[in-house]
Amino acid sequence: MQISRLSGLSALALIMGFTSANALTVEEVKEQGYIRAATANEVPYSYMQPDGTSAGIGPDVANAVLKSIGIEEVNWTVTPFGTLIPGLKAKRFDFVAAEQNISPERCKQVAFTEPNSSYGEGLLVKKGNPKGLTTYADIAKDPSLTVAVVSGANNVDFLRAVGVKDEQIVFIQANADAIPTVQSRVDAYAATELTVSELAKGQEQVEQVSPFEDPIVDGAPVRNYGGFAFRPEDKDLRDAFNAGLVEFRKTDEYKAILGKYGLSEQSIAAAAAKNVADLCAGN
């Protein structure tokens, strides 16, 4: 029995050593000369410009934070929103800078930083808002109405929470599909306020619902809190980035980045008022 016990402890030690050895550290990133990041190509949160450079709330802040901890080069990967977490877990990239909402379900899979942004919900509809929609709950009231959502986005949770049935929901691959989908086969597209605002700019056949009331879930208006996601085992890398982010959030440069992409002072302050532990706990 003693031999068996020692063998078990030795096996555990080997497993722990293997896990630690495979964790990516800041020093390893510096040695290789670059870090790999992912974007879902969603304006204004995280996207790639025609010249191949990164842009958006997530990349702009990430680039500044990485430089502050001694990492200069970022290699960007564009992947559908629904594959961000699976791709991170499969080590196709080292972290995600797509301003994903920090939710308890996602926290079970990845290690988020403190919030980097905060934003509400929105609806994209045909010009003139023919169905008279003002909030997600209006869709639940009429079973004949349909709404599109990007696969993997948490907006579907809010729709379901206010009573929208699964048969009313149409999943699409990316925000780029939203406008033609609204024009041809659904009554609305549900996304964050900034996503909807960007999609509606300059469009003649669709518009953003305004005024819009954020859905009430568990007695409170829904507000998203976007953060950067890392693999749980890469604790050293995540902690170093997180410490840099916390310091960067105190600067005027940080506020200028978020303001440039349309976030209000209220939303910027809201992000700083929440912490990742409470968001992962659902508070």
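Further up the page is the structure itself.
Residues numbered from 1 in each chain as written. Predicted model: local features only at pLDDT ≥ 70, side-chain atom pairs only at ≥ 80, totals over all residues. Heavy atoms only, no water.

Further remarks concern the overall build of the protein chain. In terms of helices and strands, the protein chain carries 13 helices and 15 strands. Computed over its C-alpha atoms, the radius of gyration of the protein chain comes to 21 Å, within 12% of the 19 Å expected for a compact globule of 283 residues. Reported as C-alpha extents along the three principal axes, the dimensions of the protein chain are approximately 70 × 50 × 35 Å. Considering only contacts within the protein chain whose residues lie at least 6 apart along the sequence, 72% involve residues at least 24 apart. As presented, the protein chain carries roughly 13,400 Å² of accessible surface, and 52% of it is formed by carbon and sulfur atoms. (Helix = DSSP H or I, 4+ residues; strand = E, 2+ residues; numbered from the N terminus. Rg over C-alpha atoms; globule rule 2.2 N^0.38 Å. Contact = heavy atoms within 4.5 Å. Areas by Shrake-Rupley, 256 points an atom, 1.4 Å probe, with all protein chains shown as cover.)

Our focus in this paragraph is the sheet that holds strand β10 (residues 169-172). Here five strands make up an open sheet; going across it, the order is β10-β9-β11-β8-β12 and the pairing mixed. Strand pairing shows two members of the sheet lacking a second neighbour, β10 and β12 (206-208), which therefore form its edges. For this sheet, the mean inter-axis angle between neighbouring strands, taken without regard to orientation, is 30°. Strands in contact with helix α9 (residues 193-200) are β8 (121-126), β11 (188-192) and β12; relative to β11, the strand with the most contacts, it is inclined by about 125°. (Pairing = 2+ DSSP bridges. Axes fitted to C-alpha atoms, helices over the stretch in contact; angles between N-to-C directions.)

V96, L123, L124, I139, V147, L159 and Y189 are the most contacted members of the largest nonpolar core, which totals 52 residues. Not counting the four nearest positions on each side in its chain, L159 is found in contact with Y136, I139, V147, V149, V164 and A190. Listed in part, the 35 residues of the second largest apolar core include L66, F228, F241 and F248. (Core = buried A, V, L, I, M, F, W, Y, C linked by side-chain atoms within 4.5 Å. Buried < 20%, exposed > 50% of the residue type's maximum accessible area, 1.4 Å probe, protein only.)

Scanning the entire structure with this criterion turns up eight aromatic pairs. For the pair Y45 and Y119, a centre-to-centre distance of 5.1 Å together with 50° between the ring planes defines the contact as tilted. In this pair, Y45 sits in the loop between β1 (35-39) and β2 (47-48) while Y119 sits in strand β7 (residues 117-119), placing the two residues 74 residues apart along the sequence. Y45 gets classed as buried once you look at its relative accessible area, which sits at 1%. (Phe/Tyr/Trp six-rings, centres within 6.5 Å; stacked < 30°, edge-to-face > 60°.)

Moving on to the environment of N155. Structurally, the position occupied by N155 is in helix α7 (residues 155-161). In this structure N155 comes out as buried when scored by relative accessible area, which is 5%. Counting along the chain gives 34 residues from N155 to E121, while the straight-line C-alpha distance between them is 8.0 Å. Sequence-distant contacts of N155, defined by excluding residues within four places in its chain, comprise E121, Y136, V149, A190, A191 and T192.

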